[in-house]
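Single-letter residue listing:
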Amino acid sequence: MIAFVLSGAGNRGPLQVGAVRALLEAGIVPDMIVGTSAGALNGSVLAAHGPTVAVTEHMEKMWASARVEEVYPESILEILWRLKSKANSLFTSGGMRRLLARALPQGVVSFGQCKTRLYTTATDLRTSRLYVFGDAADAPLLDAVMASATIPAVHPPVSYAGAQLVDGGVVANVPVSVAIDRGATTIYAINAGYNETTLDPAQGVVEILMRTLSTMLAQNIIQDIARAKADDAVDLHHIPVQTDPGLSFFDFSKARRMVAQGYEAAKAYLAAPAPMAPMPSAAPVPELPGATPFTPPYLEKLFL
């Protein structure tokens, strides 16, 4: 059983669109799709319409139509007011919800109505537990995907049956284990949260917050890779897709460029596929006066 597993990515989500297009063009069609955060956005549209190359063109248009004033609509004064009034986030989430609603087919409101099996993840702030949506056919699609894509403190938690749900990437940024537990034997993990290069310095409170979250989330794939390596019944294809290191989290203008970058990265991988290969080496570690770089032992065997 083939699964596409789509990582958290933020505004780098178009990278996954290009990678999925390359896989579909190669005749690799998923039996299930698992997504978290931006991967849940992409996965829901792909699963609801059905995984075809034509649908990736629709997904590309979705990202190309995104505007920062829609996803992050508040002004500086409005943000300050939200902080003063103890709001649950810096920004409201209505714009992001409308963006997703426009991209989903009319009338598709639950997981059971998707053309391909879909699973998304979300984290409950009240219990610190990861929840998976998709096992129940009547689970609400839009609410679940919004919960998975909600970055804590940036957008407000989604209230659902007494829970406060946020980005599933807080616990599992590339939810390979979800796919394994639901029967996947061949997994294509499209990871847009991994960087081999040293990024430009983050500027501004929100950029620093989101960079911090991304740094934390990028480590979560390690446990899933280790589990897949230990399971002889699973072939894991880990496909890192990257864009320019200086891209701001607020920049939605590079969508079509990132689709092309994701497409080329996946095409290059498919030209010489290496299931279960070690992850590419991370960026060169700069020397810091008085400090020694440290790699935990459990990471050493997973990198080139």
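That block above? That's the structure.
All values derive from a computational prediction rather than experimental measurement.

(A) Highlighting the nonpolar core. Counting residues in hydrophobic clusters, the biggest one holds 65 residues, and the most contacted among them are F4, W63 and L141. If you look at the next biggest cluster of nonpolar residues, it comprises 15 residues, including Y119, V176, V234 and L236.

(B) Representation of the environment of S37. Among the secondary structure elements, S37 is positioned in the loop between β2 (32–35) and α2 (38–49). Put simply, S37 and T121 are 84 residues apart on the chain and 7.9 Å apart in space, counted from C-alpha to C-alpha. Beyond its immediate stretch of four places on either side in the chain, S37 contacts G8, S148, A149 and D167.

(C) Region of the structure containing the packing of helix α6 (residues 94–103) against helix α7 (residues 141–148). Running from amino to carboxyl end, α6 crosses α7 at an angle of 130 degrees, the nearest separation of the two axes being 11 Å. As summarised for this structure, α6 and α7 are arranged oblique, according to the angle between their axes. In terms of crossing hand, the pair formed by α6 and α7 is right-handed. Residues M96, R97, L100 and A101 of α6 pack against L142, D143, V145 and M146 of α7. When its residues are assigned to classes, the contact of α6 with α7 shows six nonpolar, no polar and two charged.

(D) Broad picture of helix α3 (residues 53–65). The end-to-end C-alpha distance of α3 is 19 Å, a good match for the 18 Å that 13 residues give at a rise of 1.5 Å each. Those residues of α3 that sit buried are V55, T56, M59, E60, M62 and W63. For α3, the angular spread of the buried residues around the axis is 155 degrees, confining them to a single face. Turned more than 90 degrees away from the buried face of α3 sit A54 and K61, all of them exposed. Among the structural elements, α1 (13–25), α2, α6 and α11 (255–271) are those in contact with the buried residues of α3.

(E) Local environment of the pattern of salt bridges. Taken as a whole and assessed by the stated rule, the structure comprises six salt bridges. The shortest N-O distance in the salt bridge between D143 and R97 comes to 2.6 Å. One end of the pair, D143, is in helix α7; the other, R97, is in helix α6, and 46 residues separate them in sequence. On the basis of relative accessibility, which here comes to 26%, the residue D143 falls in the partly exposed class.

Criteria and thresholds
Residues numbered from 1 in each chain as written. Predicted model: local features only at pLDDT ≥ 70, side-chain atom pairs only at ≥ 80, totals over all residues. Heavy atoms only, no water. Core = buried A, V, L, I, M, F, W, Y, C linked by side-chain atoms within 4.5 Å. Buried < 20%, exposed > 50% of the residue type's maximum accessible area, 1.4 Å probe, protein only. Helix = DSSP H or I, 4+ residues; strand = E, 2+ residues; numbered from the N terminus. Contact = heavy atoms within 4.5 Å. Axes fitted to C-alpha atoms, helices over the stretch in contact; angles between N-to-C directions. Parallel < 35°, antiparallel > 145°, perpendicular 65-115°, else oblique. Left-handed = near helix turned anticlockwise from the far one by under 90°. Nonpolar A, V, L, I, M, F, W, Y, C, P; charged D, E, K, R; others polar. Expected span 1.5 Å × (residues − 1). Arc of directions from axis to C-beta. Salt bridge = Lys/Arg side-chain N within 4 Å of Asp/Glu carboxyl O.

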